[in-house]
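# Geometric and topological summary
Take a look at the letters that make up each chain.
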Amino acid sequence: MAYLPYMRTMLGHEGFEETAYYLKLTTERFPYIKEQLKISFPDLIKEVFINEHEFY
């Protein structure tokens, strides 16, 4: 949320509503984007497996 004013300025938008469109688009497309990143960069961020017994 802190970057919204910068994003608005970079895109040349007059108000928040115009910029908010891109937030909705990102939210709707996030599962697809996430899957494509996993395929393209499988070792970029490794999955962490947590052993619950280590914390207790």
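Refer to the structure above for everything that follows.
Note that the structure is predicted; figures quoted are calculated from it, not measured. (Residues numbered from 1 in each chain as written. Predicted model: local features only at pLDDT ≥ 70, side-chain atom pairs only at ≥ 80, totals over all residues. Heavy atoms only, no water.)

Turning to the side chain of threonine 19, a few remarks are in order. For threonine 19, the location among the structural elements is in helix H2 (residues 16–40). At a separation of 2.9 Å, a polar atom in the side chain of threonine 19 contacts the side chain of histidine 13. Once you skip the residues sitting within four places of it in the chain, threonine 19 turns out to touch Leu4, Met7, Arg8 and His13. (Helix = DSSP H or I, 4+ residues; strand = E, 2+ residues; numbered from the N terminus. Polar contact = N/O pair within 3.5 Å; in protein donor to acceptor, adjacent residues only side chain to side chain. Contact = heavy atoms within 4.5 Å.)

Next up on the list: the environment of aspartate 43. One can find aspartate 43 in the segment after H2. Sequence spacing of aspartate 43 and leucine 25 is 18 residues, and the spatial spacing of their C-alpha atoms is 26 Å.

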